[in-house]
Amino acid sequence: MKFEIKIIIMGLLFSFVCMGIFTYVSSFGQKTYYVYQVGIYKEEKNRNSKLNELQEDGYKGYSYKKDGQFYVLSMITEKHEEIEKHSQKVKGIIKEYVVSQDMNTSQLLDELSKGKNND
């Protein structure tokens, strides 16, 4: 085999190894939040009504305001199995957000209200 071909093959292999390592290491600083959205309301009284309904059904309920609308969430979790099980009981949609490892739910809601997480 020609020397040039060996160099090209070695370069490609090295590139693939570096990409794999970079992808694997960069995932250490991240986690995924699964969010279950159950409504978007223009009026605060409707948001409050939905939050009360969720609490009566035994769910904590979350809310944030973005662009003049109130977004209501029935669950925020890091466990995909929990959100899937929840989706069978409550009508809504699942959203995923990949965030830094140190972000908590309050910070996530703040980021969502600012439109920083591709809502």
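Refer to the structure above for everything that follows.
Anyway, here's the lowdown on the structure attached to this text. The model shown is predicted, which means the values in this text are computed figures rather than measured ones.

Reading the values: rules and limits
- Residues numbered from 1 in each chain as written.
- Predicted model: local features only at pLDDT ≥ 70, side-chain atom pairs only at ≥ 80, totals over all residues.
- Heavy atoms only, no water.
- Helix = DSSP H or I, 4+ residues; strand = E, 2+ residues; numbered from the N terminus.
- Rg over C-alpha atoms; globule rule 2.2 N^0.38 Å.
- Buried < 20%, exposed > 50% of the residue type's maximum accessible area, 1.4 Å probe, protein only.
- Contact = heavy atoms within 4.5 Å.
- Areas by Shrake-Rupley, 256 points an atom, 1.4 Å probe, with all protein chains shown as cover.
- Core = buried A, V, L, I, M, F, W, Y, C linked by side-chain atoms within 4.5 Å.
- Salt bridge = Lys/Arg side-chain N within 4 Å of Asp/Glu carboxyl O.
- Patch = residues over 30% accessible without salt bridge, like charges linked within 9 Å, V, L, I, M, F, W, Y side chains within 5 Å.

It is worth spelling out the overall build of the chain at this point. On a plain count of helices and strands, the chain comes out with four helices and four strands. Along its sequence from the N terminus, the chain presents helices and strands in the succession α-β-α-β-β-α-β-α. Taken over C-alpha atoms, the radius of gyration comes to 21 Å for the chain, far larger than the 14 Å a tight globule of 119 residues would show. Once the C-alpha set of the chain is aligned to its principal axes, its extents read approximately 75 × 30 × 20 Å. Among the 119 residues that make up the chain, the fraction classed as buried is 30%. Nonlocal contacts in the chain, meaning residues at least 24 apart in sequence, comprise 69% of its contacts between residues at least 6 apart. Total accessible area on the chain is roughly 8300 Å²; 54% of this is exposed by carbon and sulfur atoms.

Our next topic: unusual backbone geometry. Excluding glycine, most residues fall at negative phi; most peptide bonds, likewise, are trans. A positive phi angle, near 55 degrees, is found at aspartate 67, a position not held by glycine. Assignment of secondary structure puts aspartate 67 in the loop between strand S2 (62-66) and strand S3 (69-77). Classification of aspartate 67 as exposed rests on a relative accessible area of 70%.

Counting residues in each nonpolar core, the largest one holds 13 residues, and the members touching the most others are Leu73, Ile76 and Leu108. Where this core is concerned, the elements lending two or more residues are strand S1 (30-41), S2, S3, strand S4 (93-100) and helix H4 (105-113). Each residue touching leucine 73, except ones within four places of it in the same chain, is listed here: Val35, Tyr36, Gln37, Val38, Leu54, Gly61, Tyr62, Tyr64 and Leu109. Judged by nonpolar contacts, the second largest core, of 10 residues, contains Tyr41, Val72, Met75 and Val90.

What follows is about the pattern of salt bridges. Per the counting criterion, the structure on display carries six salt bridges. For glutamate 82, the salt bridge is made with lysine 79, and the minimal N-O distance between the two is 3.8 Å. A salt bridge links lysine 114 to aspartate 110; its shortest N-O distance comes to 3.1 Å. Residue aspartate 110 is classed as partly exposed on the basis of its relative accessible area of 35%.

Attention now moves to a nonpolar patch on the surface. A cluster of nonpolar side chains, namely Met1, Ile5, Ile9, Met10 and Leu13, defines an oily patch on the protein surface of about 540 Å² accessible area. Note on placement: methionine 1 falls in the segment before helix H1 (3-26). A relative accessible area of 71% places methionine 1 in the exposed class.

Here threonine 77 is to be found in strand S3. With relative accessibility at 8%, the residue threonine 77 sits in the buried group. Residues threonine 77 and aspartate 57, 20 residues apart in the sequence, show an inter-C-alpha distance of 18 Å.

All quantities given are derived from atomic positions and should not be read as evidence of function.
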